[in-house]
Amino acid sequence: MYQVCHKRENGHEDSIWSVAWARSEKDNTENIITGGVDDLVKSWNWRDDFLEYKSELKGHQLGIVSVTINSAGTVAASSSLDSTIKLWDLDSSKQIKSIDAGPVDCWSVAFSPDGQYIGSGSHSGKINLFGIESGKLEQTLDTRGKFVMSIAYSPDGHFIACGGIDGIVCIFDLATGKLLHTLEGHAMPIRSLTFSPDSQLLTTCSDDKSIKIYDVQHANLIGTLSGHGSYVLCVDFCPDNTHFATSSSDRKVKVWDAGMRKAVHTFTDHSDQVWGVAYNDNGSKLVSVSDDKQVIVYECPI
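Residues numbered from 1 in each chain as written. Predicted model: local features only at pLDDT ≥ 70, side-chain atom pairs only at ≥ 80, totals over all residues. Heavy atoms only, no water.

Visitor: Any details on the sheet that holds strand E7 (residues 75-80)? Residues and values, ideally.
Guide: Strand order in the open sheet made by the 4 strands is E6-E7-E8-E9, with antiparallel pairing throughout. The open sheet has two edge strands with one neighbour each: strand E6 (64-69) and strand E9 (94-100). Put simply, the sheet's adjacent strands are angled 20 degrees from each other on average, direction ignored. Of the pairings in the sheet, the one linking strand E8 (residues 84-89) to E9 comprises 6 bridges and is antiparallel in character. Within the sheet, the bridge partner assigned to Trp88 lies in E9 and is Gln95. (Pairing = 2+ DSSP bridges. Helix = DSSP H or I, 4+ residues; strand = E, 2+ residues; numbered from the N terminus. Axes fitted to C-alpha atoms, helices over the stretch in contact; angles between N-to-C directions.)

Visitor: Hey, could you go over the sheet that holds strand E18 (residues 190-195) for me, with residue numbers and the actual values?
Guide: The sheet built from 4 strands is open, its strands ordered E18-E19-E20-E21 with antiparallel pairing. The open sheet has two free edges, formed respectively by E18 and strand E21 (220-226), since each of these has just one partner strand. Mean inter-strand twist for the sheet, computed between neighbouring axes without regard to direction, equals 20 degrees. Across 5 bridges, the pairing between E18 and strand E19 (residues 201-206) is antiparallel. Paired with Leu193 across the strands is Thr204, a residue of E19.

Visitor: Go over the side chain of Thr203 with me, naming the residues and quoting the values.
Guide: Take Thr203: it is sitting in strand E19. Residues in contact with Thr203, not counting those within four places in the same chain, are Ser192, Leu193, Thr194, Ile211, Lys212, Ile213, Val235, Phe237 and Phe244. (Contact = heavy atoms within 4.5 Å.)

Visitor: Summarise the pattern of salt bridges; cite the residues concerned and give the values.
Guide: Applying the stated criterion across every chain yields a total of 8 salt bridges. Residue Glu30 pairs with Arg23 through a salt bridge whose shortest N-O separation is 3.3 Å. A residue is classified by how much of its surface remains accessible, and Glu30, at 12% relative accessible area, is buried. The salt bridge partner of Lys285 is Asp49, with a shortest N-O separation of 3.9 Å. (Salt bridge = Lys/Arg side-chain N within 4 Å of Asp/Glu carboxyl O. Buried < 20%, exposed > 50% of the residue type's maximum accessible area, 1.4 Å probe, protein only.)

Visitor: Give a detailed account of the packing of aromatic side chains, specifying residues and quantitative values.
Guide: Summed over all chains, the structure comprises 8 aromatic pairs. With 6.2 Å between their ring centres and 15 degrees between their planes, Phe244 and Trp256 make a pair best called stacked. With Phe244 in strand E23 (residues 243-248) and Trp256 in strand E24 (residues 253-257), this pair connects stretches of sequence that are 12 residues apart. Of the two residues examined, Phe244 and Trp256, each falls in the buried class. Each member of the aromatic cluster is reached from another via a ring pair, and the members are Tyr2, Phe267 and Tyr298. (Phe/Tyr/Trp six-rings, centres within 6.5 Å; stacked < 30°, edge-to-face > 60°.)

Visitor: Tell me what's going on with the side chain of Ser284, and back it up with residues and numbers.
Guide: Looking at the element boundaries, Ser284 is found in the loop between strand E26 (274-279) and strand E27 (285-290). Here Ser284 falls in the buried class, since its relative accessible area comes to 14%. If near-sequence neighbours (up to four positions away) are discounted, Ser284 is found in contact with Tyr298, Glu299, Cys300 and Ile302.

Interpretation in functional terms is not warranted from these geometric data alone.
So, in structure tokens, the structure goes:
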């Protein structure tokens, strides 16, 4: 049954813009990271159906626009309006590294599946790939387009996709660095995109209120889904390879069936726009964050 499992009021002192959830390979701890307009990254543990506050990860000077956790569940990354990307050890809650991404030049961040790189979208229409060890810019992929708002690696490590402020989706081959596909999918900015766990599908969401599903290999549009009443701000694919979740400015979180291409549940528990949504490692839980400062965890049937 779809239901609210846990609510945390005032998770941050201001709007919460991003969230990530991953299980640590080291000790099986379920780590949740949130990033807020209050310049803070917060670390939480999900334990016995309760969201346990762990620590504040301090160091950013301005609001946090994106957070992510590596596939091993041990290192988090955050990007901020202060133009830095910071890496954090989730065990010790200590900062490992701070990467200067250049003036106003980082937005969405994502770890490569092997954990060696952190990718970031930029205002210049490029994807910047920074080495985790070196902390330096090691590769640039040029969309020849506008501001890259969202990026995602395919779980198999073959592709990186990005969504632009102009509604264009670009898919790159990581081995060659070549631009494989340019998809003129949306009429407005693409806030978020995600690959399915088997790397076969790419799901995008936009300010045009729609969600699109593409076949990655052939770059075909499989379906356009509507149902949100305003900007769709975030999308995350469920580990079951069947469902995905979206969050929107309409204050709702929706769970969709990718095969049937329809919404199977709508959560209406936030009182303001919902910026981020993320599944746990088996898809049985979902977390969302919002301008209402709440962190809400939901039960999802699998």
